[in-house]
Amino acid sequence: MKRYFKLYIIALLFLAVFCPAAESAVITEIGSAEQLAAFRDSVNAGDDYDGLNVRLTADIDLQNAEWLPIGTASAPFRGKFNGAGHKISGLKVTGAQSAAVPVGTAEYSGTALFLILSGKHAQIANLTVEGTVENRRQRSNLLSGGIVAYAGPDTVLFNCKNYAAVSVAGKGGNGFFGDEDYSIAGGVAAHLEGYIVNCVNYGEVKSSSTSAYSIAAGLAGRVKGYIISSRNVGVVSVADIGLFQNIAGGVAGAGEGGVLFDVKNEGGIYSSNVGGGIIGFAYGTSLQNAINSGKVGGTGQSGGLIISGGIVGKAYNGASAVNCANMGAVGGTGTPNYSYAGGLAGWSSAGPNSVENIFYNCSNSGVISGDGVTATRVGGLVGEMGKSQLADSANSGSVNTGKTFAGGLVGNKFSNADIYDSVYPSGYDAVAYGTLSARDCSALSMEQLAGFVVTVAPSLSPSSVTLTKGESKTLSVELQTFPGTPVDKSAFYSIVSLGAEPADFVSVTADGGVVTVSGVDNGASLLAAQTVCYRSALSGGVDRNSAKKALISALAVVKEASAAPDVPPLWPDIPPLVSPDISPVPPSGQETPSGSSSSGCDVGGWAVLSLITLPLAVYLYSARKED
């Protein structure tokens, strides 16, 4: 009997070229600590700068004097703050100066350079921050962010770098499950409902609070928005004193319906409870093109449980990870009752009436280990798996545990989980415990896995290029493949179309993996190439039937040779995005929709181009199979 397996599409994001209104003729320029403080005082007194622009003209040293954050609950900052590539150093914000931040129906205490960023098109861009930000208030609901404590819907943090050490260390409340009792630290933002784009965190981020939920992450602690083309380098840790859940994530701590695209973590992630290389706890959160190389783990609390995942610590209720790769070691030690560890996710499940989780085209090459007093569930990709799909993925890392349940793909599998079309090292069972079914999965030798490819991540290098009229420069396609490195990477992708938008300023051609761009007229254009990527075939070579589409991009600017360096532009005003959706796609072999949309600019207007080209959809599919 023949059967169609479920087919999915995760509609994630967009390809956009925007034409925002011209920058306000009135620009507030700040070039000293005194001027920055005066600007802060004007915002806090009620001047929200809505529709106005603020620009730094020099680096500013605050000399570790206690800083009162910019913005208040009644007077948040609503304008556009352009750091113009400058740095604010010597920042010192402590719990003594924390202020009220409304989050939903609760009131939080917040510390950061900016307390609240609020309103459509409010922005902080091109800014570097150094110093110390901590919240030591002895109360429930704490926020601590390197740049902003709370970033509301439709706000944007663009091209920012945080070097500040960020922490929360308050006593917390008498919280229990379901309480609004959080302590949240984030290198860029503590609580995010808008966008973080092209940002990097280098600072250490930690939580040592007794709140019911103690959360720390490199970019944003609690995420209900979007993190795009960003990475974390700093160490992230949560101390072993939280009352209910300690959650640490390299990019995001806890995601609630958010989207993470093109993100990386290189820092070590430590939690006694829940830790993920990219995100600690993903509730209905979508991840795509995420790569972790940092170590993930911790010492589990006696009598408790520890969950560690290379990409996601704990996945729940419609979470998805597509085209993600882990290279870091993952595990948990100590004497917890239960230990779960996986190269992709430590634990994945959903309630009986909830949406299943999806893992597709993902890989692990890190060492996975764990040990618990009562039970241990360790898998090359998922530790424990219920109500989830795992497909077209690969594990090439070793799987170790003091107990018997270590699977090449999954440690423990429930009957409502589905595994198919995946590979793992010889010497292991695909599933170690529970419902042992895994369809069309193969054990391969390490020699075979060394060149086996399921995750393909192309990009253009460099990502931006400056030209003069008549000048030509070349960009190359850089290709990362996981878990293995094939002899001929070029066989795993091809460029099927190439263009520039607007097309007035540059011409662009491709020859194999080399893209040539030539300056035609002064202006800026977004180069966009559509690629088709492939995976390895079990019989060797490339599986051309498993093609998936991806878009890669670069920014090209054409200007006069004598022109002075431009002030870095702010991120363009962007329309709200539709939340990610999961919808059926046509059966295998039929054409699936793909494309992009852009908004042109009127003649005489000017354009600020988006730096990111994102796939409109990631196609999750399986071929028609025999039972």
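Reference entry: report on the structure contained in this document. (Residues numbered from 1 in each chain as written. Predicted model: local features only at pLDDT ≥ 70, side-chain atom pairs only at ≥ 80, totals over all residues. Heavy atoms only, no water.)

### So, the overall build of the protein chain
Note the threshold: Here a strand is any run of E in DSSP of at least two residues, a helix any run of H or I of at least four, and the numbering for each starts at the N terminus. Buried, partly exposed and exposed residues are distinguished by accessible area as a fraction of the type maximum, computed with a 1.4 Å probe on protein chains only: under 20%, between the cut-offs, and over 50%, respectively. Contacts are assigned to residue pairs that have any heavy atoms within 4.5 Å of one another. Here the Shrake-Rupley method, with its probe set to 1.4 Å, supplies the accessible areas, and only the displayed protein chains count as covering residues.
The secondary structure content of the protein chain amounts to 2 helices and 65 strands. Out of the 627 residues belonging to the protein chain, those deemed buried represent 58%. In the protein chain, once contacts between residues fewer than 6 apart in sequence are set aside, the share between residues at least 24 apart is 79%. Entry remark: accessible area of the protein chain is about 22500 Å², with carbon and sulfur atoms responsible for 50%.

### Things to note about the sheet that holds strand E40 (residues 345-349)
The strands that make up a sheet pair up through hydrogen bonds in the backbone, lying either parallel or antiparallel. Note the following rule: At least two DSSP bridges between two strands are needed for those strands to be called paired. In this description, a line fitted to the C-alpha atoms serves as the axis of each element, helices being fitted only across the stretch in contact, and the angle between N-to-C directions of two axes falls anywhere from 0 to 180 degrees.
Overall, parallel pairing links the 11 strands, which are arranged E9-E12-E17-E22-E26-E30-E35-E40-E45-E50-E53 in an open sheet. The open sheet is flanked by strand E9 (114-117) and strand E53 (431-434), the only strands paired with a single partner. With strand direction ignored, the average angle separating the axes of adjacent strands in the sheet is 10 degrees. Relative to strand E50 (residues 410-413), strand E45 (residues 382-385) runs parallel, the two being bridged by 3 bridges. The residue of E50 that forms the bridge with methionine 385 is lysine 413.

### Some remarks on the nonpolar core
Just so we agree on the cut-off: Take the buried residues of types Ala, Val, Leu, Ile, Met, Phe, Trp, Tyr and Cys, join any two whose side-chain atoms come within 4.5 Å, and each joined set is a nonpolar core.
In terms of nonpolar packing, the biggest core is built from 88 residues, with Phe39, Phe81, Leu157, Ile196 and Ile227 touching the most fellow members. Setting aside chain neighbours within four positions, we find phenylalanine 81 in contact with Ile30, Leu36, Phe39, Val54, Leu56, Phe114, Gln123, Ile124, Ala125, Leu127 and Leu570. Counting residues in hydrophobic clusters, the runner-up holds 25 residues, among them Ala491, Ala500, Phe505 and Val508.

### Comments concerning the packing of aromatic side chains
What counts here: A pair of Phe, Tyr and Trp rings is counted when the ring centres sit within 6.5 Å of each other, with Trp represented by its six-membered ring. The angle between the planes then sorts it: under 30 degrees is stacked, over 60 is edge-to-face, the rest tilted.
Tallied over the entire structure, the rule returns 14 aromatic pairs. Taking 5.2 Å as the distance between ring centres and 75 degrees as the angle between the ring planes, the aromatic pair formed by phenylalanine 81 and phenylalanine 114 counts as edge-to-face. Taken as a pair, phenylalanine 81 in strand E6 (residues 80-93) and phenylalanine 114 in strand E9 lie far apart in primary sequence, 33 residues in all. For phenylalanine 114, a relative accessible area of 0% corresponds to the buried category.

### A word on the side chain of serine 183
Applied cut-off: Distance and chemistry together define a polar contact, namely a pair of N or O atoms within 3.5 Å, with one atom able to donate a hydrogen and the other to accept it when in protein, and with adjacent residues in sequence counting only for side-chain atoms on both sides.
Summarising the element assignment, serine 183 is placed in strand E16 (residues 182-186). On the basis of relative accessibility, which here comes to 0%, the residue serine 183 falls in the buried class. A polar contact of 2.6 Å, which involves the side chain of serine 183, links it to the side chain of serine 211. Filtering out sequence-adjacent residues up to four positions away, serine 183 remains in contact with Leu142, Val168, Ser207, Ser209, Ser211, Tyr213, Ser214 and Ile215.

### What to know about unusual backbone geometry
Each neighbour pair has its own omega, and for serine 461 with proline 462 the value is -5 degrees, a cis peptide bond. Mapped onto the secondary structure, proline 462 falls in the loop between strand E55 (453-461) and strand E56 (464-467). In this model, phenylalanine 482 is joined to proline 483 through a cis peptide bond whose omega is -5 degrees. Among the structural elements, proline 483 can be located in strand E57 (residues 472-483). Look at asparagine 198: it is not a glycine, yet its phi comes out positive at around 60 degrees. Mapping asparagine 198 onto the fold places it in the loop between strand E18 (195-197) and strand E19 (200-201). In this structure asparagine 198 comes out as partly exposed when scored by relative accessible area, which is 32%.

### Structural notes on the pairing of strand E17 (residues 189-192)
Note: strand E12 (residues 148-151) against E17, 3 bridges, orientation parallel. Directly across from valine 148, in E17, lies its bridge partner alanine 189. For E17 and strand E22 (residues 220-223), the ladder comprises 3 bridges, and the chain directions are parallel. If you follow histidine 191 over to E22, its bridge partner there is arginine 222.

### Re the pairing of strand E23 (residues 226-232)
The buried fraction of E23 amounts to 6 of the 7 residues, a majority that puts the element mostly inside the structure. Across 3 bridges, the pairing between E18 and E23 is parallel. Paired with isoleucine 196 across the bridge in E23 is isoleucine 227. With 2 bridges joining them, E19 and E23 adopt parallel strand pairing. Of the residues in E23, the one forming a bridge with asparagine 201 is asparagine 232.

### What to know about the pattern of salt bridges
Let me state the cut-off plainly: Salt bridges, as used here, are contacts in which a Lys or Arg side-chain nitrogen is within 4 Å of a carboxyl oxygen on Asp or Glu.
As enumerated under the stated definition, the model contains 11 salt bridges in all. Across the pair glutamate 29 and arginine 55 runs a salt bridge whose closest N-O atoms are separated by 3.9 Å. You can see glutamate 29 sitting in strand E3 (residues 27-30) and its partner arginine 55 sitting in strand E4 (residues 53-56), a full 26 residues away along the chain. According to the relative accessible area criterion, arginine 55 is buried, its value standing at 16%.

### Here we look at a negative patch on the surface
What counts, and what does not: In this scheme, patches are assembled from residues that exceed 30% relative accessible area and form no salt bridge. Like charges are connected within 9 Å, while nonpolar side chains (Val, Leu, Ile, Met, Phe, Trp, Tyr) are connected within 5 Å. Two residue types count as positive, namely Lys and Arg, and two as negative, namely Asp and Glu; His and chain ends fall outside the count. For the purpose of locating charges, the reference atoms are NZ of Lys, CZ of Arg, CG of Asp and CD of Glu.
A contiguous patch of negative charge on the surface is contributed by Glu501, Asp504, Asp521 and Glu560. For aspartate 504, the position within the fold is in the loop between strand E58 (493-501) and strand E59 (506-511). Judged by relative accessible area, aspartate 504 falls into the exposed class, the value being 54%.

These results come straight from atomic positions and should not be treated as a statement about function.
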